[in-house]
Amino acid sequence: DTYVDNYTTRKSATSGALNMGLLCTTVDEIKTMHIATSEKWELDIPRLVFLYISLVLQIVTMGVNLYLGSSGKMTKEKRKRQTWLNNTVMVLSFIITQVNILAAMFRGYTTEIQERQTSEGINNFNSHNST
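Residues numbered from 1 in each chain as written. Predicted model: local features only at pLDDT ≥ 70, side-chain atom pairs only at ≥ 80, totals over all residues. Heavy atoms only, no water.

J.: Help me get a handle on the overall build of the chain, residues and values and all.
T.: Tallying secondary structure elements over the chain gives three helices and zero strands in all. Start at the N end of the chain and walk to the C end: the helices and strands fall as α-α-α. Sorting the 131 residues of the chain into buried and exposed places 29% on the buried side. Here the analysis covers contacts within the chain between residues at least 6 apart in sequence; of these, 74% occur between residues at least 24 apart. By element, 65% of the accessible surface of the chain is carried by carbon and sulfur atoms, the whole surface being about 8900 Å². (Helix = DSSP H or I, 4+ residues; strand = E, 2+ residues; numbered from the N terminus. Buried < 20%, exposed > 50% of the residue type's maximum accessible area, 1.4 Å probe, protein only. Contact = heavy atoms within 4.5 Å. Areas by Shrake-Rupley, 256 points an atom, 1.4 Å probe, with all protein chains shown as cover.)

J.: Quick rundown of the nonpolar core? Include the residues and the values.
T.: In this structure, Leu 23, Ile 30, Met 33, Leu 48, Phe 50, Leu 51, Leu 55, Val 99 and Ala 103 together form the largest nonpolar core, which totals nine residues. Among the secondary structure elements, those contributing two or more residues to this core are α1 (2-36), α2 (45-69) and α3 (76-130). Counting residues per element, this core draws most heavily on α2, at four residues. Excluding anything up to four places from it in sequence, Leu 48 contacts Ile 30, Met 33 and His 34. (Core = buried A, V, L, I, M, F, W, Y, C linked by side-chain atoms within 4.5 Å.)

J.: Talk me through empty space enclosed by the protein; I want residue IDs and the actual numbers.
T.: Per the stated rule, a full pass over the model turns up one cavity of 30 Å³ or more. Lining the largest cavity are Tyr 67, Leu 68, Ser 71, Lys 78, Arg 81 and Gln 82. Counting only elements with at least two residues in the lining of the largest cavity, the list comes to α2 and α3. Split into classes, the residues belonging to the lining of the largest cavity amount to two nonpolar, two polar and two charged. (1 Å grid on protein atoms, 1.4 Å probe; cavity = no way out; pocket = protein on both sides within 12 Å on 5 of 7 lines; lining within 4 Å. Points joined across faces, edges and corners; volume = space filled by probe spheres on them. Nonpolar A, V, L, I, M, F, W, Y, C, P; charged D, E, K, R; others polar.)

J.: I'd like to hear about the pattern of salt bridges, residue by residue, with values.
T.: Side-chain pairing between opposite charges can occur once the charged atoms of the two side chains come close. Applying the stated criterion across every chain yields a total of one salt bridge. In this structure, the salt-bridge partner of Glu 29 is Arg 47, at a minimum N-O distance of 2.9 Å. Placement of the pair is Glu 29 in helix α1 and Arg 47 in helix α2, with a sequence separation of 18 residues. Taken individually, Glu 29 and Arg 47 each receive the classification buried, so the pair is uniform in this respect. (Salt bridge = Lys/Arg side-chain N within 4 Å of Asp/Glu carboxyl O.)

J.: So what's going on with the environment of Gln 98? Which residues, and what values?
T.: In this structure, Gln 98 sits in helix α3. When its relative accessible area of 34% is taken as the criterion, Gln 98 is described as partly exposed. C-alpha separation for the pair Gln 98 and Ser 54, spaced 44 residues apart in sequence, amounts to 9.1 Å.

J.: Pulling in residues and values, what's your account of α2?
T.: The terminal C-alpha atoms of α2 lie 36 Å apart, and with 25 residues this matches the ideal 36 Å at 1.5 Å per residue to within 8%. Every buried residue belonging to α2 is among Arg 47, Leu 48, Phe 50, Leu 51, Ser 54, Leu 55, Leu 57, Gln 58, Thr 61, Val 64, Asn 65 and Leu 68, and all of these are buried. (Expected span 1.5 Å × (residues − 1).)

J.: With reference to specific residues and values, describe the side chain of Arg 47.
T.: On the basis of relative accessibility, which here comes to 9%, the residue Arg 47 falls in the buried class. For Arg 47, the contacting residues outside a window of four places in its chain are Glu 29, Met 33, Ala 103, Phe 106 and Arg 107.

J.: Report on a nonpolar patch on the surface, specifying residues and quantitative values.
T.: Residues Ile 45, Val 49 and Ile 53 make up a contiguous nonpolar surface patch of about 220 Å² in total accessible area. Inspection of the secondary structure assignment puts Val 49 in helix α2. (Patch = residues over 30% accessible without salt bridge, like charges linked within 9 Å, V, L, I, M, F, W, Y side chains within 5 Å.)

Below is the structure:
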């Protein structure tokens, strides 16, 4: 029984460390996005929404992992609850992955729109000045 408790604690600590890395990456991406697209931020709304959803889910997952890692001595009731929470963490991790994939899908789309609008603006400027 002590082995299971130690395993759960180590698993939760490892999972928490990986989640912290993902959290830092998401925060950095949001910050970079705000800095890089300050003038045309409205084009990145879908990506921004997905990143914020991912951020909230990551914080919830980290909280559950923290609880799992500090749950102390196991009883039969705690084991049932811990199994349910472990399954919840697994489902949340899957959802976070899917949300991050959706956020990544919009990266190229918004950049392409910005480049197209910039080139159209230059073309309109050139055609207006040549007449």
